[in-house]
Amino acid sequence: RNVNRIEDVAAVIYVTASNTIDIGIQRLSGRVTLLCMCTGVVGPTLLPYWSAGQLSGIAIGLKGVYDNEMMMAYGVNVRPPDGGNPRVTYTKLEGEIPPIPGYVHAGRGKTYYAALNLALTLMVLAVIVGNIAMFLAERQRKASGGRA
């Protein structure tokens, strides 16, 4: 409603697994607030845009989902009722951002994050086991006089 120019939009949020945001940054940077949620593969290519201030916010991969869930549930720089340390802190922000009222923290990002870490651990173990097997096979080949 009441949008006649791109500058009338509060923000443009890209949710992408590709470089489509590059075109948005080229055409819209400085005219509207740009935000992005992207895959872990695309994320590193967007960090220079965030560092330069062309992106106002970026959530990269599963860690970004987890971080968003935490901010929605606990706010940013908000101390809990018991006076302890905030669950989510951001030192570059003066003040605080309250949690979203009524948001129920299902913890899906945290659940998926645990599964991702388990899968990555299994991958690293497979590489280690493969290297050990290769080393032992080469050792056996040399011990048998170079015959395969």
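Residues numbered from 1 in each chain as written. Predicted model: local features only at pLDDT ≥ 70, side-chain atom pairs only at ≥ 80, totals over all residues. Heavy atoms only, no water.

A word on the side chain of Asn77
Then comes step 1: Within the secondary structure layout, Asn77 lies in the loop between helix H3 (61-74) and helix H4 (108-143).
Then comes step 2: The class of Asn77 is buried, set by a relative accessible area of 16%.
Then comes step 3: At a separation of 2.8 Å, a polar atom in the side chain of Asn77 contacts the main-chain amide nitrogen of Tyr90.
Then comes step 4: Within the local environment of Asn77, its side chain forms a polar contact with the backbone oxygen of Gly95, the two atoms lying 3.2 Å apart.
Then comes step 5: Setting aside anything within four residues of it in sequence, one finds Asn77 in contact with Pro86, Val88, Thr89, Tyr90, Leu93, Gly95 and Glu96. (Helix = DSSP H or I, 4+ residues; strand = E, 2+ residues; numbered from the N terminus. Buried < 20%, exposed > 50% of the residue type's maximum accessible area, 1.4 Å probe, protein only. Polar contact = N/O pair within 3.5 Å; in protein donor to acceptor, adjacent residues only side chain to side chain. Contact = heavy atoms within 4.5 Å.)

Let's talk about the pairing of strand E1 (residues 11-16)
Then comes step 1: Residues of E1 alternate between two faces, with Val12, Tyr14 and Thr16 buried on one and Ala11, Ile13 and Val15 left unburied on the opposite face.
Then comes step 2: Pairing analysis gives 6 bridges linking E1 to strand E2 (residues 33-38), with the strands arranged parallel. When the sheet's bridge partners are listed, Ile13 is paired in E2 with Leu35.
Then comes step 3: A crossover connection joins E1 to the parallel E2 through helix H1 (residues 20-28); in handedness this β-α-β unit is right-handed. (Pairing = 2+ DSSP bridges. Right-handed = clockwise from strand over helix to strand, strands pointing away.)

Here's the deal with the pairing of strand E3 (residues 57-60)
Then comes step 1: Side chains Gly57 and Ala59 of E3 all project onto a buried face; the interleaved residues Ile58 and Ile60 project onto a face where none is buried.
Then comes step 2: Where E2 and E3 come together, 4 bridges link them in parallel fashion. Looking at E3, one finds that Cys36 is bridged to Ile58.
Then comes step 3: For the crossover from E2 across helix H2 (residues 43-51) to E3, the handedness is right-handed.

Quick word on the layout of surface pockets
Then comes step 1: Taken as a whole, the largest pocket spans an internal volume of roughly 720 Å³.
Then comes step 2: Lining the largest pocket are 22 residues, and of these Gly57, Ile58, Ala59, Asn68 and Met71 sit closest to its centre.
Then comes step 3: Breaking the lining of the largest pocket down by element, the ones donating at least two residues are E2, E3 and H3.
Then comes step 4: Broken down by element, the lining of the largest pocket gets its largest block of residues, 7 residues, from H3. (1 Å grid on protein atoms, 1.4 Å probe; cavity = no way out; pocket = protein on both sides within 12 Å on 5 of 7 lines; lining within 4 Å. Points joined across faces, edges and corners; volume = space filled by probe spheres on them.)

Quick word on a nonpolar patch on the surface
Then comes step 1: There is a patch of nonpolar side chains on the surface, built from Leu118, Leu122, Val124, Leu125, Ile128, Ile132, Phe135 and Leu136 and spanning about 760 Å² of accessible area.
Then comes step 2: Position of Phe135 among the secondary structure elements: in helix H4.
Then comes step 3: Among the residues examined, Phe135 registers a relative accessible area of 53% and is labelled exposed. (Patch = residues over 30% accessible without salt bridge, like charges linked within 9 Å, V, L, I, M, F, W, Y side chains within 5 Å. Areas by Shrake-Rupley, 256 points an atom, 1.4 Å probe, with all protein chains shown as cover. Salt bridge = Lys/Arg side-chain N within 4 Å of Asp/Glu carboxyl O.)

These figures come from the coordinates and say nothing about function on their own.
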